[in-house]
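# Reading the structure
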Amino acid sequence: MPLARSLSMTSLNGLPQWEDEDLPVEDLLLFEVSWEVTNKVGGIYTVIQTKAKITADEWSENYFLIGPYFEHNVKTQVEVCEPPNPAIKKAMDTMKSQGCQVFFGRWLIEGSPYVLLFDIGSAAWNLDRWKGEFWDATNIGIPFHDREANDAVIFGSVTAWFLKEVQFLKSGPNIVAHFHEWQAGVGLILSRSQKLPVATIFTTHATLLGRYLCAANIDFYNNLDQNIFSTSFKNSRQDGWERSTVVCSVKKYDVVTPNGLNIKKFSAMHEFQNLHSMYKARIQEFIRGHFYGHLDFSLENTLFFFIAGRYEFSNKGADMFLEALSRLNFLLRVHKSDVTVVVFFIMPAKTNNFNVETLKGQAVRKQLWDTAQSVKEKFGKKLYNALLKGEIPDLSKILDRDDITIMKRAIFSTQRHCLPPVTTHNMIDDGNDPILNTIRRIGLFNNRTDRVKVIVHPEFLSSTSPLLPLDYEEFVRGCHLGVFPSYYEPWGYTPAECTVMGIPSVTTNLSGFGCFMQEHVADPAAYGIYIVDRRFRSPDESCNQLTQFLYGFCQQSRRQRIIQRNRTERLSDLLDWRYLGRYYMHARHLALSRTFPDKFEMEPCAPPKTEGFRFPRPSSVPPSPSVSQHSSPHHSEAEDEDEDERYDEDEEAERDRQNIKSPFSLGVLPQGKKKQHGEFRN
């Protein structure tokens with residue numbers, strides 16, 4: 001019987017269609033401006049890169065991305081070509097004639113959008129004049145020593161200059177300019193102050209003010225409705241813009257634009273499970289080397305958790321995660337669980353080299369593997385020759401004295417007189433590192449008695465690494481759970497990426513992703529999305545809730561984890577840009593109707609919301625042991641048979657598909673009681 005999803009899928013499966021009218025894009029130009037166009041700095045790069053295809057499909061040759069020029073990025077990511085639009089070409093020539101270097105080409109990503117890159121250095125001689133113009137427009141001064149702010153002024157000024165040249169050469173007000181974050185915001189302000197007839201959109205992804213306030217232990221979210229932060233913005237807001245959007249619902253905005261990904265499903269439903277098994281084996285090989293001499297736990301009963309992202313100790317929830325790990329370690333030891341949890345911290349920090357002990361561990365593992373292969377080859381030859389003679393070999397003689405000596409030497413090489421290292425690299429100023437200091441305080445030093453082991457990997461993952469040769473995507477697929485208990489996380493791409501790969505994750509109700517899932521899924525935990533309440537509970541209560549989630553996950557059987565991964569992967573349709581891109585479309589429509597009301601009309605309506613349908617709680621076997629608690633991840637055969645009887649993957653997947661095909665209307669809440677904050681299931 002063929003699988004229900006045996007065909008390759010590259011689009012949404014039954015999600016409600018966008019009902020807004022199409023724009024006459026052939027008469028428009030769309031410029032999307034960001035410091036992270038072809039320039040990977042943070043999460044905005046992922047937003048721009050993954051959204052490019054659906055935008056290019058909609059706008060075709062009239063879609064252009066604007067960013068800064070960096071030679072090393074252009075060499076590897078851009079195919080230089082001539083602009084097809086004569087107005088753009090003439091505007092570039094005008095700017096070049098006045099000393100500003102401009103580069104044009106196609107970005108070598110999916111969708112191959114056109115990119116326009118400005119060389120900031122070539123235009124720096126105008127910095128003082130542009131600072132003066134910015135002061136005249138906003139009364140905001142820029143310190144001369146602030147390199148980042150100076151670059152933003154230059155970038156914004158050349159962007160406004162370019163838009164002015166294009167608009168002068170184009171017949172008719174038909175330009176839409178979409179600015180991302182503060183680095184591009186100067187261009188928006190100058191465009192407005194110069195009264196350019198351009199429809200503008202501004203999207204904020206994560207404000208620096210919010211990041212620093214949260215890092216300083218300010219009760220940020222419970223004071224957003226007050227004016228205590230408004231003075232920082234009062235001057236910069238005087239010129240305004242047609243549309244402002246945010247990636248989560250926390251403050252006054254026009255449109256919420258959730259971040260998506262390009263979803264490509266496998267032709268066979270179980271393929272992502274096979275990838276999980278394959279990359280888990282690769283991680284297990286690293287663990288064998290890292291814990292050599294202390295490998296007294298079963299890798300079959302070992303779960304891999306991880307946290308990844310920018311190194312912001314409290315904003316990313318690393319402080320709460322470590323405290324929860326300490327409590328989880330206590331629970332697993334008290335209940336004498338045979339489950340071991342290995343936790344990876346993938347957060348880049350300053351290092352000066354690999355840890356020698358970590359490199360030695362991988363060398364010892366490889367040496368043991370070579371020794372075992374050598375002995376196995378000799379053993380195989382003797383066994384083969386004996387069987388050819390029709391004899392049963394004497395197993396006591398099949399290994400000679402040399403073989404025994406080699407194996408004893410191999411065993412001796414695994415002797416270790418120190419604990420397995422906590423870090424894979426030598427950290428600079430490790431005495432003041434917040435993660436390492438917390439590990440010292442809670443005492444998670446990878447002792448034999450610890451059921452929770454910690455590995456800090458202070459660099460981005462790479463398939464060329466001599467330690468853990470895996471790319472980030474491969475590593476995520478090999479893990480069992482991603483844990484992101486962030487305090488400040490306007491969206492949260494890391495749990496979204498886990499969801500797309502079918503890996504359960506922990507998030508919070510302070511992240512845009514967590515709120516999005518609460519709106520769309522009746523019981524997120526049943527689908528592998530555990531949402532910690534960090535807004536309406538004390539830190540200790542939130543930490544206890546996180547500990548309960550982690551402990552409950554450790555009690556799941558292998559069968560339950562497989563079922564949960566299937567459910568998690570089914571949520572990936574919610575995160576497809578083909579669904580979420582509609583909110584960017586709505587923002588563009590509204591910006592045009594406000595800027596050019598005589599040419600573009602739009603019926604007044606409430607801003608679109610992300611509600612529309614909800615995945616119900618599955619009626620089959622529970623994904624977590626909330627009904628029947630088990631101290632071991634192994635169940636009896638009778639229990640497995642009972643689970644097979646109660647759970648049908650194809651049937652449940654079909655129910656979810658039918659559910660998401662239900663009618664959809666913007667701004668209408670689904671029927672039934674809405675789950676309140678603080679109502680969670682383990």
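For the structure itself, look to the data block above.
Structure report, in brief. Here the structure is a predicted model, which is why all the values come from computation and not from measurement.

### Observations concerning the overall build of the protein
Of regular secondary structure, the protein possesses 20 helices and 17 strands. Here the protein holds 682 residues, and the buried ones make up 55% of them. Nonlocal contacts in the protein, meaning residues at least 24 apart in sequence, comprise 77% of its contacts between residues at least 6 apart. When the accessible surface of the protein is totalled, it reaches about 30,800 Å², and 52% of it is carbon and sulfur.

### Some thoughts on the side chain of E36
Turning to its location among the elements, E36 is positioned in the loop between β1 (29-33) and α1 (43-59). One buried charged residue, E36, forms no salt bridge at all, with the nearest opposite charge on R310 at 6.4 Å. Contacts of E36, omitting those with residues within four sequence positions, involve V41, G42, G43, I44, Y45 and W107.

### Thoughts on unusual backbone geometry
Despite not being glycine, N139 shows a phi value in the positive range, around 60°. Tracing the backbone through its elements, the reader meets N139 in the loop between α4 (127-138) and α5 (147-169). A residue is classified by how much of its surface remains accessible, and N139, at 42% relative accessible area, is partly exposed. Phi is positive for K195, close to 55°, though the residue is something other than glycine. With respect to the helices, strands and loops of the structure, K195 is situated in the loop between α6 (181-193) and β7 (199-204).

### Here we look at the pairing of strand β16 (residues 505-508)
Residues S505 and T507 of β16 are buried on one face, and the alternating residues V506 and T508, pointing to the opposite face, are buried as well. As paired elements, strand β15 (residues 481-483) and β16 share two bridges and run parallel to each other. Within β16, the residue paired with V483 across the bridge is V506. As for the winding sense of the linkage, the β-α-β connection from β15 through helix α14 (residues 493-500) to β16 is right-handed. Looking at chain direction, β16 and strand β17 (residues 529-532) are connected through four bridges and run parallel. If you follow T508 over to β17, its bridge partner there is V532. Between the parallel elements β16 and β17, the chain passes through helix α15 (residues 512-520) in a crossover that is right-handed.

### Considering the packing of aromatic side chains
Inspection of every chain in the model, using the stated rule, returns 25 aromatic pairs. Seen from their ring centres, Y69 and F103 are 4.0 Å apart, and the 15° between their planes marks the pair as stacked. In this pair, Y69 is assigned in the loop between β2 (63-68) and α2 (71-77) and F103 in strand β4 (residues 102-107), connecting sequence segments 34 residues apart. Given a relative accessible area of 17%, Y69 falls into the buried group. A relative accessible area of 26% means that F103 is categorised as partly exposed. Plain terms: the ring middles of F304 and F344 are 6.3 Å apart, the flat faces sit at 70° to each other, and that makes the pair edge-to-face. Here F304 is found in strand β10 (residues 302-308), whereas its partner F344 is found in strand β11 (residues 340-346), with 40 residues between them in sequence. F344 matches F304 in its accessibility class, with the two residues each being buried. The rings of F286, F304, F306, F344, Y472, F475 and F484 are connected pair by pair, giving a single aromatic cluster. Stacked on the ring of Y584, the Lys or Arg K51 has its end atom at 4.7 Å from the ring centre.

Conventions we followed
All residue numbers refer to position in the chain's written sequence, counted from 1. Totals for whole chains, interfaces and linings use all residues, but because this is a predicted model, local features are given only for residues with pLDDT of at least 70 and pairs of side-chain atoms are given and counted only at 80 or more. Heavy atoms throughout the structure, all of them, feed into the side-chain values; hydrogens and water do not. Runs of H or I in DSSP of at least four residues are treated as helices and runs of E of at least two as strands, each being numbered from the N terminus. Burial classes: relative accessible area under 20% of the type maximum marks a residue as buried, over 50% as exposed, and values in between as partly exposed (1.4 Å probe, protein chains only). Should any heavy atoms of two residues lie within 4.5 Å, those residues are considered in contact. Areas reported as accessible are Shrake-Rupley estimates using a 1.4 Å probe. Residue values count occlusion only from the protein chains shown. His is not counted here, nor are the chain ends, while Lys and Arg score as positive and Asp and Glu score as negative. Salt bridges, as used here, are contacts in which a Lys or Arg side-chain nitrogen is within 4 Å of a carboxyl oxygen on Asp or Glu. A pair of strands counts as paired when DSSP detects no fewer than two bridges linking them. Handedness is read with the strands pointing away from the viewer; a crossover is right-handed when the path from the first strand over the helix to the second is clockwise. Each Phe, Tyr or Trp ring, with Trp reduced to its six-membered ring, pairs with another whose centre is within 6.5 Å; inter-plane angles below 30 degrees give stacked pairs, above 60 give edge-to-face pairs, and intermediate values give tilted ones. The rule is short: NZ of Lys or CZ of Arg within 6 Å of the ring centre and within 35 degrees of the ring normal puts a charge over the ring.

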